[in-house]
Amino acid sequence: MKIVVFDDDPTGSQTVHGCPLLLKWDQSSLSDAIRHPSPLIFLLANTRSMPPDLAAIRTHDICKSVAKALRSERFGLDNILFVSRGDSTLRGHGVLEPEVINEVLGPFDATLHVPAFIEGGRTTINGVHLLNGSPVHTTPFAQDKTFGYSTSDLDLWLEEKSRGTILARNVHRLTIHSLEAAFDSKSGMNSLVDWLSDLSGNKPVVVDAELPIHLDVLGKAIRRLLGRKRFLFRSAASFINGL
């Protein structure tokens, strides 16, 4: 298994170690990274600093290079977990970049939005993203001139940021209750795996998380489905550590 992370900003890679961190995506560099014993590959796309059109072009170019390198190394897409690493305060191209990745490296059964960064006080409860207990849209981060937003409800946030191509009513939610049930018992884990198995057609999914165990148990469930289902993650760095 390999975990390929498209990092939209240099801060994400500061939370990991012992893995390749690529600042370029030529075939030689990508092949060396795929052969590296670490399961984790970080690609510093730095797209958060770009306008949408340039971010889309760069993400597309990186994805095409990754696909070519994987074919060259005879590494099947079913054995890869792809992560679009984004900001835990919801700044960045949080809908655009996953869309481009799905176009080039998909199709995926679902895109899971996991913005929680527990260590930094960013949690998601009942689909609402919080910063130290306050809805994140009430914080200065939501007033960002480039990436501002009006809601902390991630269903509505996805609708807002996608300009209606993702409707809030069509967003699925993975709840804390389901994650804790999976942590508590084998039957709960089986139910979580079954729920994830039923996803198809690149369903948008909002993942609740308040404690590290919520991210850890999701990672365990995802690994059980490796080779059978394909998921794309838009997440903060703490979920990557859980994988």
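All of the points below concern the structure found in this document. (Residues numbered from 1 in each chain as written. Predicted model: local features only at pLDDT ≥ 70, side-chain atom pairs only at ≥ 80, totals over all residues. Heavy atoms only, no water.)

Before going further, it helps to spend a moment on the overall build of the protein chain. When its secondary structure is counted, the protein chain shows eight helices and 11 strands. Over its C-alpha trace the protein chain gives a radius of gyration of 17 Å, about what one expects of a compact globule, namely 18 Å for 243 residues. With the C-alpha coordinates aligned to their principal axes, the bounding extent of the protein chain is approximately 45 × 45 × 35 Å. Sorting the 243 residues of the protein chain into buried and exposed places 54% on the buried side. For the protein chain, the distance from the average site of its 26 positive side-chain charges to the average site of its 27 negative ones is 5 Å. (Helix = DSSP H or I, 4+ residues; strand = E, 2+ residues; numbered from the N terminus. Rg over C-alpha atoms; globule rule 2.2 N^0.38 Å. Buried < 20%, exposed > 50% of the residue type's maximum accessible area, 1.4 Å probe, protein only. Lys, Arg positive; Asp, Glu negative; His and termini not counted. Charge placed at Lys NZ, Arg CZ, Asp CG, Glu CD.)

Running from amino to carboxyl end, helix α2 (residues 52–72) crosses helix α3 (residues 96–105) at an angle of 30°, the nearest separation of the two axes being 9 Å. Relative to α3, the crossing made by α2 is right-handed. Residues Pro52, Ala55, Ala56, Thr59, His60, Cys63, Lys64 and Ala67 of α2 pack against Leu96, Glu97, Val100, Ile101, Val104 and Leu105 of α3. Residue composition of the contact of α2 with α3, grouped by class: 10 nonpolar, two polar and two charged. (Axes fitted to C-alpha atoms, helices over the stretch in contact; angles between N-to-C directions. Left-handed = near helix turned anticlockwise from the far one by under 90°. Contact = heavy atoms within 4.5 Å. Nonpolar A, V, L, I, M, F, W, Y, C, P; charged D, E, K, R; others polar.)

Relative to the helices and strands, His214 is located in helix α7 (residues 212–224). Setting aside residues no more than four positions away along its own chain, His214 makes contact with Ile176, Leu179, Glu180, Asp208 and Ala209.

Okay, the pattern of salt bridges next. Note on pairing: side chains with opposite charge can pair once their charged atoms come close. Taken as a whole, this structure holds 11 salt bridges when the rule is applied. For Arg234, the salt bridge goes to Asp8, with nearest N and O atoms at 3.4 Å. Of the two residues, Arg234 sits in strand β11 (residues 231–235) while Asp8 sits in the loop between β1 (2–7) and β2 (21–22), which places them 226 residues apart along the sequence. With a relative accessible area of 8%, Arg234 lands in the buried category. (Salt bridge = Lys/Arg side-chain N within 4 Å of Asp/Glu carboxyl O.)

What follows is about the environment of Leu40. One can find Leu40 in strand β3 (residues 40–44). Classification of Leu40 as buried rests on a relative accessible area of 11%. Spatially, the C-alpha atoms of Leu40 and Lys2 are 5.9 Å apart, while their sequence positions differ by 38 residues. Contact partners of Leu40, with chain neighbours within four places excluded, come to Ile3, Val5, Val16, Cys19, Pro20 and Ile240.

Here we come to the packing of aromatic side chains. For the structure shown, the criterion picks out two aromatic pairs. Ring geometry for Phe6 and Phe82: centres 6.1 Å apart, planes at 25°, overall stacked. On the criterion of sequence distance, the pair formed by Phe6 in strand β1 and Phe82 in strand β4 (residues 80–85) is long-range, its members being 76 residues apart. Take Phe6: its relative accessible area is 3%, and that puts it in the buried class. Since its relative accessible area comes to 0%, Phe82 is described here as buried. (Phe/Tyr/Trp six-rings, centres within 6.5 Å; stacked < 30°, edge-to-face > 60°.)

The subject of this paragraph is unusual backbone geometry. Residue Pro107 is reached from Gly106 by a cis peptide bond, and omega for that bond is 5°. Here Pro107 shows up in the loop between α3 and β5 (110–114). Not every positive phi belongs to a glycine, and Asn46 is a case in point at roughly 60°. Even without glycine at this site, Asn132 takes up a positive phi of about 50°. The topology assignment puts Asn132 in the loop between β7 (128–131) and β8 (134–135).

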